[in-house]
Amino acid sequence: MKQLFLITILCAVHALSGPTFENKSQPLDKKNNVMQAAQKIVSANDISGATRLRVEGAAFRAFNFYFPALEVAAGASLAQQKQAQEIRDIIERDFLITGNISLIKLPQEKNPTEALIKQKGAEGLSRIRLSFSKDKLNAEIRHKNLMTQKISQVNISESSKEIRRFSHLIAQSIFEEFIGPENIFLTQIVAVKRYGNESQIVLMDFDGKNEQKITTGSWKKTMPYFAPDGKKIFYTVITKQGQGIVEQEIGKKEFKFLTRNPGINIEPRVLPGDLGLLLTLSLNKADANIYRIDSNGKIIGTFTESLGFNLSPVISPDKKMVAFVSSRSGTPQIYEKAINLNDKKSEAKRMTFQGRYNQTPQYSPDGKYIAFTGRDENKVFDVFLLERSSGRISRVTENQGRNQEPFFFPSGRFLVFSSEREGRTISDLYLAMPYGDHQFRLTTDGGYLSAVVRPKE
C-alpha cells in the first residue's frame, strides 16, 4: 500500500507540474490511470486562501511617462515610416508587459508643452529621433525627468534585420532611465509546447514573440532546463523504450543522451565546479530519488536520503544549497539541503509547513525567496512565494484558474509561469511581478508548460 501511495503521488506531481502523454500503446503511460486517485489521496487541507503577500517593499506604483511621437529623419520612405510605427508599437507593448511604466495620453495635443505634460501627471518623457542607414537602424534618445529636470542622451544602433531587438533596446533604455537596471527585454524563454499529440521545445523572446522550435522528431519532450552558461539545454525524451535525458546545444538540432536509466529520468541540474549534475531517477524502484552523476551520465551516488520520494532539485544562486521536493513528511513539501558532499551527516531542512501539496521550487536570483506551486484549500494550484529567512508564504496568483511552474527572470523583478484561466483548459505563459500586482499574458496559442529563462552568457 505504501508503494502504491508513493508511486501515485510521484505521478501526480509530474502530471500537474509538466506535460502528460496519454498514449496507451506506450508502456510508460500505464501510470496515468492513477492521477485521479492521487488527488483523492492527498488531503484537501492545503494552502489557505488567507495567505497574502507580505514581501517587504512590495508597494507598486507605475511611473507616469509621456511618450511623444517618434521623429523620423527627413526623406524617410513610406516603408521606413511604417517601421517607425512598428517600433513604437513594440516599445508600448514592452511597457504593458512589464507594468512599471504608465503612458500618459494627450490625444488632442500634437506638441504639448512640458508644463501641460506635467499637469497631466507625467513624471518623465523620452524624445526619440530615428534614422535609417543602409544596414542599420539608429535612435537618438533624449530622456528627461520632469521631477528633477535631469537630462540624459543615449544613442542606439542595430542591424536593420533586428527591428524587435532594436525596439527592446529602446524600451530597456527608457526603463533603466526612470525605473532602474533591468535586462528582461533581451532575455529569452524556453518552454514545452504541445501540438496535438506532439510536444516540442520552443525558444522565444521575453515577450512571447519570435518563437522557434529547437527540437524535432516524434519523441515527446518535457522539463527543459538550461545549462548555467545558457548555451545548451537538458530535457527528457519519452520513447517506447523508456525515458532518457538529453543535452542539446542551442542552435543545433543534434543532441546526445546523458542518461537512459530504467524508470524515471528527469530534471538534471549542473552542480558548481566539477561536481557533476543532480537529477531525479527511480531506477525502477517505487521511490524516486535525487542522484549525482558525472558529466558522462555515470551515477556517482545519491544526494538525498531514501525517505519517500525526492525530486525537483534546484541549486541556489550562491551554489551552496539545493531546494527539492520530498514526501518524507507524508505529502509533497519543499526541503533544502547543503551541497557540501563531504558532509555525510548533512540533513535536509523542511521549508514549507503550510499546505499539503507543494512542488516545483525555484530560487529568486538574490536567494531570498523560493517560488513554488502549491495547492490551496479549493484544490486549485497557484504560484506562491516562500521567504527563506522567515518561512512566511505569500500568494502570487489567486482565483485565476490553475497556475504553476514559476521561474524568475534574472533581475528578480518578474516571474514567468504557465496558467489556465479565462475558462481555458490549455495553458499559456504569463509574466507577473512576484507580489502579484501585475500580470500579463505572453502567449495566446495555448499548450505551453515548464517555461525557464535563459541565463546570461
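It should be noted that the structure appears before, not after, this text.
Residues numbered from 1 in each chain as written. Predicted model: local features only at pLDDT ≥ 70, side-chain atom pairs only at ≥ 80, totals over all residues. Heavy atoms only, no water.

Peer 1: Please set out the side chain of Ser173 residue by residue, giving values where relevant.
Peer 2: Note on placement: Ser173 falls in helix H5 (residues 163–178). Taking the relative accessible area as the measure of exposure, Ser173 reaches 12% and is therefore buried. Ignoring sequence-local partners within four residues, the contact set of Ser173 consists of Ile141, His143, Val154 and Ile156. (Helix = DSSP H or I, 4+ residues; strand = E, 2+ residues; numbered from the N terminus. Buried < 20%, exposed > 50% of the residue type's maximum accessible area, 1.4 Å probe, protein only. Contact = heavy atoms within 4.5 Å.)

Peer 1: I'd like to hear about the environment of Lys220, residue by residue, with values.
Peer 2: Within the secondary structure, Lys220 is located in strand S10 (residues 220–226). Here Lys220 falls in the buried class, since its relative accessible area comes to 10%. Each C-alpha atom of the pair Lys220 and Val237 lies 5.5 Å from the other, and the pair is 17 residues apart in sequence.

Peer 1: With reference to specific residues and values, describe the sheet that holds strand S21 (residues 349–350).
Peer 2: With respect to topology, four strands assemble into an open sheet ordered S18-S19-S20-S21, the strand pairing being antiparallel. Of all the strands in the sheet, the pair left with one neighbour each is strand S18 (310–315) and S21. Strand direction decides the pairing type here: strand S19 (residues 321–326) and strand S20 (residues 333–338), joined by six bridges, are antiparallel. Note on S20: the bridge partner recorded for Ala323 is Glu336. (Pairing = 2+ DSSP bridges.)

Peer 1: Residue-level account of the sheet that holds strand S11 (residues 232–239), with values.
Peer 2: Ordered by their spatial adjacency, four strands build an open sheet running S10-S11-S12-S13, and the pairing between neighbours is antiparallel. Edge strands, defined here as strands with exactly one partner in the open sheet, are S10 and strand S13 (255–259). Strand-to-strand twist in this sheet, taken as the mean axis angle between neighbours without regard to direction, amounts to 30 degrees. With four bridges joining them, strand S12 (residues 242–249) and S13 adopt antiparallel strand pairing. Its bridge partner being in S13, Gln248 is matched across the sheet by Phe255. (Axes fitted to C-alpha atoms, helices over the stretch in contact; angles between N-to-C directions.)

Peer 1: Hey, could you go over the pattern of salt bridges for me, with residue numbers and the actual values?
Peer 2: On inspection of all chains with the given rule, the structure shows 23 salt bridges. Lys193 is paired through a salt bridge with Glu211; the nearest N and O atoms lie 3.1 Å apart. Of this pair, Lys193 sits in strand S7 (residues 188–195) while Glu211 is found in the loop between strand S8 (198–205) and strand S9 (212–213), placing the two residues 18 residues apart along the sequence. Using a relative accessible area of 29% as the deciding quantity, one classes Glu211 as partly exposed. Among the charged side chains, a network of salt bridges with common partners joins Asp376, Asp382, Arg395 and Glu398. (Salt bridge = Lys/Arg side-chain N within 4 Å of Asp/Glu carboxyl O.)

Peer 1: Give me the lowdown on the pairing of S12, citing residues and values where you can.
Peer 2: Of all eight residues that make up S12, seven are buried, and the element is covered over most of its length. When S11 meets S12, the two strands line up antiparallel, connected through eight bridges. The partner of Ile233 across the bridge, within S12, is Gln248. In textbook terms, the turn of a hairpin is the stretch between consecutive antiparallel strands, and for S11 and S12 this stretch comprises two residues. The antiparallel hairpin formed by S12 and S13 contains five residues in its connecting segment, where Gly251 sits at a positive phi of about 100 degrees.

Geometry only, nothing functional implied.
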